[in-house]
Structure formats: C-alpha cells, structure tokens
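# Residue-level structural notes
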Amino acid sequence: MSEIQTLAEELRGCLKKFPNFPLEGILFEDFLPIFADPKHFQKLIDAFKLHLGDRKIDYIVGLESRGFLFGPALALAVGAGFIPVRKPGKLPGPVYVAEFQKEYGSDKFEMQQGVVPKGANVVIVDDILATGGSATGAYELVEEKSGGKVVEFLFVMELDFLKGRDKLKAPVFTLLSGQPEKLGS
Ligand SMILES: O=P(O)(O)OC[C@H]1O[C@H](OP(=O)(O)OP(=O)(O)O)[C@H](O)[C@@H]1O
Ligand SMILES: Nc1ncnc2[nH]cnc12
Ligand SMILES: [Mg+2]
C-alpha cells in the first residue's frame, strides 16, 4: 500500500455516516471528526501534499463551506495562496457568478474578479464529489471566467454511484471512494 493509501485508510476510520440526512434517500458522509484530532487533520494535509508532489501550484481554491476547513491549511503546506469560492451575496466588489445543480438542489457560487491571474495554476478542493455540480461551477469561475488553469480537483471522498468525475473537465483525485450504490437500492 502506498503512503497516501495508508493515510487515506486511517482517515476513513474517522468518517461517520448519517442515513436520510438532510433528505430521505441521502446517506450523508460526515468528515468533520477529522478536524477534531490534530493528528488526523495533519494526515489529511500530508496525503494531499504527497499527492501534489513538487508541482508548481499558485492557488488552492476552496469551495464554501466544507472546502474552507482544509483548503487554507493545504495552501500553506504547499506554499500556494488560498482563494475562496463563496455562496451568493458574501463577497464584496465585482464577482463572477456560476449556477449549477447538486445532489439535492441547485445553487450558485461566486468568486471575486481579479483574484486569479490569467494562466495561474489552480487546484480546486472540496470535501465530497457527489454529482460534480459544485466542482463544475468552480471550474467555470476559475477557468472560463477568470482565465486560470485548473490543474486538478482534489476531494476527500467521492460518491461513486453519482459518477460526478465524468462531468469534470480537469483531472480528479479523491482520497477515498464510497457509496457504490444509492442508499436503499
Ligand atoms: O458534487 P455536488 O453534487 O455538487 O455535491 C457536493 C457538494 O455538496 C456539499 O456542499 P453543500 O453546498 O451541500 O454544503 P456545505 O456548505 O456544507 O459545503 C459538499 O460539501 C460539496 O461541496
Ligand atoms: N452524501 C453526501 N454526504 C455529505 N455531503 C454531501 N454533499 C453532497 N452529497 C453528500
Ligand atoms: Mg460543500
């Protein structure tokens, strides 16, 4: 087993599952226990850092809300800047807007104009890849609106049955796979 896989399996032991939250038919994967223990939090950052290796990353873009929990720590660890993608109405000044569909509803994301320089190497991070809607919205903000280059998407976990990675237009790395089938099927 590689060092990254060993770290990932240790982190898998921290995850909690909540059936039928926030809606009937959704098996909610709770990754918050990782942050309650600094040893586990460190393992999460180490695993992503090992994966990124010595690639030149200019910015980590984290998606509100759960991408904010580890995006800034990863950015510091790899010597990159951190840029937030936020839900509507939270960012001051001119913003780009992207609308997208998620596993349970539709949503919008915003990013401040001018924060991603044209051609900058960007890694987009979030906790879960479900349908891929949120990640698609973030890609649109970074690559299509700002002119940055999305070198990779990083997720802690991927919900396999939703096949979100098939929608994404840049390479995808997930530490953990999960949920081969929808809850109850
Ligand atoms: O691949 P998708 O279908 O887009 O789903 C994944 C997204 O859904 C959740 O965010 P959500 O906006 O529900 O909540 P949060 O504010 O707690 O991050 C999760 O944190 C991912 O960002
Ligand atoms: N099943 C799930 N568990 C946790 N977060 C999610 N975001 C979208 N689907 C999710
Ligand atoms: Mg989220």
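Under an unreviewed UniProt entry, the name given to the protein chain is Adenine phosphoribosyltransferase, and the source organism is Scheffersomyces spartinae.

On to the overall build of the protein chain, then. Along the backbone of the protein chain there are 4 helices and 9 strands. Taken from N to C terminus, the helices and strands of the protein chain fall in the order α-β-β-α-β-α-β-β-β-β-α-β-β. When the backbone C-alpha atoms are referred to their principal axes, the protein chain occupies close to 45 × 35 × 30 Å. With 185 residues in all, the protein chain has 33% of them scored as buried. Considering only contacts within the protein chain whose residues lie at least 6 apart along the sequence, 57% involve residues at least 24 apart.

Moving on, we get to unusual backbone geometry. In this model, Phe 21 is joined to Pro 22 through a cis peptide bond whose omega is -5 degrees. Secondary-structure assignment places Pro 22 in the loop between β1 (16-19) and β2 (27-30).

Turning next to the sheet that holds strand β8 (residues 149-159). Sheet strands pair by backbone hydrogen bonding; their relative direction is either parallel or antiparallel. The 5 strands are arranged β4-β3-β7-β8-β9 in an open sheet whose pairing can be described as parallel. The open sheet has two edge strands, β4 (81-85) and β9 (172-178), and neither has a second partner. Adjacent strand axes in the sheet meet at a mean angle of 20 degrees when their direction is disregarded. Sheet topology note: the strand β3 (residues 59-63)/strand β7 (residues 121-129) ladder contains 4 bridges and is parallel. Bridge pairing in β7 links Tyr 59 to Val 122.

Residues in contact with ligand 1 amount to 17 residues; listed here are only the nearest, Ser 65, Ala 130, Thr 131, Gly 133 and Ser 134. For the shell around ligand 1, the secondary structure elements donating two or more residues are β7 and α4 (133-145).

So, on to helix α2 (residues 38-52). The end-to-end C-alpha distance of α2, which contains 15 residues, comes to 21 Å, matching closely the 21 Å that a straight helix rising 1.5 Å per residue would cover. Within α2, burial applies to Leu 44, Ala 47, Phe 48 and Leu 52. Taken end-on, α2 shows its buried residues confined to a sector of 135 degrees, consistent with a single buried face. Seen from the open side of α2, the exposed residues pointing more than 90 degrees away from its buried face are Pro 38, Lys 39 and Leu 50. In this structure, the buried residues of α2 make contact with α1 (3-12), α3 (71-78), β8 and β9. Directly beyond the C-terminal end of α2, a positive phi value near 60 degrees is found at Gly 53.

With their axes 10 Å apart at the nearest point, α2 and α3 run at an angle of 50 degrees to one another. Considered as vectors, α2 and α3 are oriented oblique to each other. When you trace α2 past α3, the crossing you get is right-handed. Of α3, the residues touching α2 (which contributes Ile 45, Phe 48, Lys 49 and Leu 52) are Ala 73, Leu 74, Ala 77 and Val 78.

This next bit is on α4. Taking 1.5 Å per residue as the helical rise, α4 with its 13 residues ought to reach 18 Å, and the 17 Å between its terminal C-alpha atoms agrees with that figure. Of all the bends found along α4, the most pronounced is centred on Tyr 139 and spans about 25 degrees. Burial in α4 covers these residues: Gly 133, Ser 134, Ala 135, Gly 137, Ala 138, Tyr 139, Leu 141 and Val 142. On the buried face of α4, the contacting elements are β3, β4, β5 (95-102), β6 (105-112), β7 and β8.

How each quantity is defined
Residues numbered from 1 in each chain as written. Chains lettered and ligands numbered in written order. Predicted model: local features only at pLDDT ≥ 70, side-chain atom pairs only at ≥ 80, totals over all residues. Helix = DSSP H or I, 4+ residues; strand = E, 2+ residues; numbered from the N terminus. Buried ≥ 20, exposed ≤ 12 C-beta atoms within 10 Å, placed from the backbone. Contact = placed C-beta atoms within 7 Å. Pairing = 2+ DSSP bridges. Axes fitted to C-alpha atoms, helices over the stretch in contact; angles between N-to-C directions. Near = placed C-beta within 6 Å. Expected span 1.5 Å × (residues − 1). Arc of directions from axis to C-beta. Parallel < 35°, antiparallel > 145°, perpendicular 65-115°, else oblique. Left-handed = near helix turned anticlockwise from the far one by under 90°. Bend = angle between axes of the 7 residues up to and from the residue.

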